[in-house]
Amino acid sequence: MMKASRLLAVVLATVGLGVGAAHANLITNGDFSAGLAGWSETNSCCNSTDAAGFHEGAVGTNGMLSQAFADTVGDLLTLSFEYGSNGGSGSAYQYVTFDNVLVAGSLVSGASAYQGYAFTLGSATGSDTITFNGRNDPSYNVLDNVVVTEAPNTNVPEPASLALIGLGLAALGFSRRRKQKETA
């Protein structure tokens, strides 16, 4: 029979295996190589996709590009993407919403060099939606390489981790009780 201290070490090592491991991209077709497959587009009068990404040219109103994705409840979500705009001769901007809430700091307006952006979105709910809202009168914004990843929230133990710890503690208790019976 395995000693109780060794059993506890095995349980704790197993619990620690998943901590800090990031998951793959939760977004389908984030590089737009398959056109708008996986995305929902609204209000963009003129859009296209090519090797540079998604070109959006909504005039007079917000064009919206969104995608719902499945995730693990409680995990921490991060978003990264590349965006640029030539600004045209009118107004150009883009901002991001996560489950219909503005992502702080995501508003980019006017002409913008093509560059990467990254944001922490918060905790996953099991099914979330990311939406890019933009307008460029009369030119185009370019969006590419959209990535949403999740990582376990180390502040909140996963249910499986709690179950393994409980199992280990129960095994320790059983072992101690058995040892007390043998000595009596």
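Every residue gets a number counted from 1 within its own chain, in the order that chain's sequence is written. For a predicted model such as this one, the threshold for reporting local features is a pLDDT of at least 70, and the threshold for listing and counting side-chain atom pairs is 80 or more; totals across whole chains, interfaces and linings nevertheless cover every residue. Note that the side-chain values use all heavy atoms of the structure and ignore hydrogens as well as water.

(A) Fine view of the pairing of strand 11 (residues 141–151). Where strand 3 (residues 53–56) meets strand 11, 3 bridges bridge the pair, whose relative direction is antiparallel. The residue of strand 11 that forms the bridge with His55 is Val142. Two strands qualify as a pair provided that DSSP identifies no fewer than 2 bridges between them. Secondary structure counts use DSSP, requiring at least four H or I residues in a row for a helix and at least two E residues in a row for a strand, with both numbered from the N terminus.

(B) Structural view of empty space enclosed by the protein. Definitions used throughout: a 1 Å grid over protein atoms alone; a cavity as a set of points that fits a 1.4 Å probe which cannot get out; a pocket as an open set with protein on both sides within 12 Å along at least five of seven lines; a lining residue as one with an atom within 4 Å of a point. Grid points are joined across faces, edges and corners, and a volume is the space filled by probe spheres set on the points. Evaluated as defined, the whole model comprises 1 cavity of 30 Å³ or more. When contributions to the lining of the largest cavity are tallied by element, the ones reaching two or more residues are strand 3, strand 4 (63–70), strand 10 (127–136) and strand 11. Residue polarity follows a fixed list, in which Ala, Val, Leu, Ile, Met, Phe, Trp, Tyr, Cys and Pro are nonpolar, Asp, Glu, Lys and Arg are charged, and the others, Gly among them, are polar. Of the residues assigned to the lining of the largest cavity, the class counts are 6 nonpolar, 6 polar and 2 charged.

(C) Highlighting the confidence of the model for the protein. pLDDT measures how confident the predictor is about each residue, on a scale from 0 to 100. A residue-level look at the protein finds 82% of positions with pLDDT of 70 or above and a mean pLDDT of 82. Least confident of the elements in the protein is helix 1 (residues 4–16), whose mean pLDDT is 43; most confident is strand 7 (residues 101–102), at 97. Note on contacts: a residue pair is in contact if any heavy atoms of the two residues lie within 4.5 Å. Every residue in residues 1–20 scores below 50 in pLDDT, and together they form 18 contacts with partners more than four places removed in sequence or on other chains.

(D) Structural context of the side chain of Asn133. Relative to the helices and strands, Asn133 is located in strand 10. What qualifies as a polar contact is a pair of N or O atoms within 3.5 Å, subject to a donor-acceptor requirement within protein and to the restriction that residues adjacent in sequence count only when both atoms come from side chains. Reaching out from Asn133, the side chain makes a polar contact with the backbone oxygen of Thr131 at a distance of 3.5 Å. The contacts of Asn133, once residues within four sequence positions are left out, are Asn62, Gly63, Met64, Tyr93, Gln94, Tyr95, Val96 and Thr97.

(E) Inspection of the sheet that holds strand 5 (residues 76–85) at higher detail. Strand order in the open sheet formed by 5 strands is 2-3-11-5-9, with antiparallel pairing between adjacent strands. In this open sheet, the two edge strands, each paired with only one partner strand, are strand 2 (47–50) and strand 9 (112–123). Going across the sheet, the axis of each strand differs from the next one's by a mean of 25°, ignoring polarity. For strand 5 and strand 11, the ladder comprises 9 bridges, and the chain directions are antiparallel. Following the sheet pairing, Ser80 is matched in strand 11 by Val147. Only C-alpha atoms enter the line fits that serve as axes; for helices the fit covers just the stretch in contact. Angles between N-to-C directions range over 0 to 180 degrees.

(F) Representation of the nonpolar core. Among buried residues, the Ala, Val, Leu, Ile, Met, Phe, Trp, Tyr and Cys ones that are joined through side-chain atoms within 4.5 Å form a nonpolar core. Relative accessibility thresholds used throughout: buried, under 20% of the residue-type maximum; exposed, over 50%; partly exposed, between the two (1.4 Å probe, protein chains only). Within the largest apolar cluster, 24 residues are counted, with the highest numbers of intra-cluster contacts made by Leu79, Phe81, Ile130, Phe132 and Val146. Those elements giving two or more residues to this core turn out to be strand 4, strand 5, strand 6 (92–98), strand 9, strand 10 and strand 11. Looking at this core element by element, the count peaks at 4 residues for strand 5. Here Phe81 is in contact with Gln94, Val96, Gln115, Gly116, Tyr117, Phe119, Phe132, Leu143, Asp144, Asn145 and Val146, once residues within four sequence places are set aside.

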